[in-house]
Amino acid sequence: NPEEKNFLASVSNGEEIKKNRIIVKKKNKKAIKRIMGDRYKKAIFSYWTQDDKTIWILNSIGKYKPITAGFVISNCKVDKAYVIVYREQHGYEIKYNSFLNQFKDNKLNEKNKLNNNLDNISGATLSVNSMDRMGRLALVLNSTVNEKSCNQKNS
């Protein structure tokens, strides 16, 4: 869709990015279900690579509708987070840099939570939680792709 294309164009700075796919296996499926909920069935994810970065476009339900977000992961940490499409009537404040900048340098702790908690936004709790889940999902998926370099215990 055009929003996703624009997002990819903006994060690639006009340089080539390579599209890849990953099929999540058992061990990581458990981690993903812990983050996204037991009913989360998605096992095949597309992602893009550029230099040492992985770029993820993910969806998660806010209150009623899916939020489409993008995450750029570098060195096992979130480099940048984006809201690509926001479909809810409330909680749009998550689109602002003041919120999104909290993802910068966030990584997973041993419990697969972000090591720096996100500040909540009044009236946007479900959207904040949704972004938190997707940020964690992007980091888990990134560590699945970069298993050798992103061992949580060592970072």
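Above this text sits the structure in question.
Residues numbered from 1 in each chain as written. Predicted model: local features only at pLDDT ≥ 70, side-chain atom pairs only at ≥ 80, totals over all residues. Heavy atoms only, no water.

Quick notes on the pairing of strand β5 (residues 77-85)
Direction of pairing for strand β4 (residues 66-74) relative to β5: antiparallel, over a ladder of 7 bridges. Looking at β5, one finds that Gly-70 is bridged to Tyr-82. Connecting the antiparallel pair β4 and β5 is a turn made up of 2 residues, with Asn-75 showing a positive phi of about 55°. (Pairing = 2+ DSSP bridges. Helix = DSSP H or I, 4+ residues; strand = E, 2+ residues; numbered from the N terminus.)

Concerning the nonpolar core
Counting 36 residues, the largest nonpolar core has Phe-45, Phe-71 and Met-131 as its most contacted members. Going through the elements one at a time, α2 (26-36), β2 (44-50), β3 (53-61), β4, β5, α3 (97-100) and α4 (125-145) are the ones with two or more residues in this core. For this core, the element with the most residues is α4, which contributes 8 residues. If we ignore the near neighbours within four places in the chain, the residues touching Met-131 are Ile-67, Ala-69, Phe-71, Tyr-82, Val-83, Ile-94, Phe-99, Leu-100 and Phe-103. Counting 9 residues, the second largest nonpolar core, distinct from the first, contains Phe-7, Val-72, Ile-84 and Val-85. (Core = buried A, V, L, I, M, F, W, Y, C linked by side-chain atoms within 4.5 Å. Buried < 20%, exposed > 50% of the residue type's maximum accessible area, 1.4 Å probe, protein only. Contact = heavy atoms within 4.5 Å.)

Some details on the packing of aromatic side chains
Tallied over the full model, the rule gives 5 aromatic pairs. On the basis of an interplanar angle of 20° and a centroid distance of 4.6 Å, the ring pair of Tyr-47 and Trp-56 is categorised as stacked. Neither residue differs from the other here; Tyr-47 and Trp-56 are each classed as buried. Ring centres of Phe-71 and Phe-103 lie 5.5 Å apart, and the angle between their planes is 70°; this geometry places the pair in the edge-to-face category. Of the two residues, Phe-71 is situated in strand β4 and Phe-103 in the loop between α3 and α4; the sequence distance between them amounts to 32 residues. Overall, Phe-103 belongs to the buried group, its relative accessible area being 0%. (Phe/Tyr/Trp six-rings, centres within 6.5 Å; stacked < 30°, edge-to-face > 60°.)

Looking at the side chain of Ser-74
Relative to the elements of secondary structure, Ser-74 occurs in strand β4. Here Asp-52 takes part through its side chain, which lies 3.2 Å from a polar atom of the side chain of Ser-74. The contacts of Ser-74, once residues within four sequence positions are left out, are Asp-52, Lys-53 and Asp-79. (Polar contact = N/O pair within 3.5 Å; in protein donor to acceptor, adjacent residues only side chain to side chain.)

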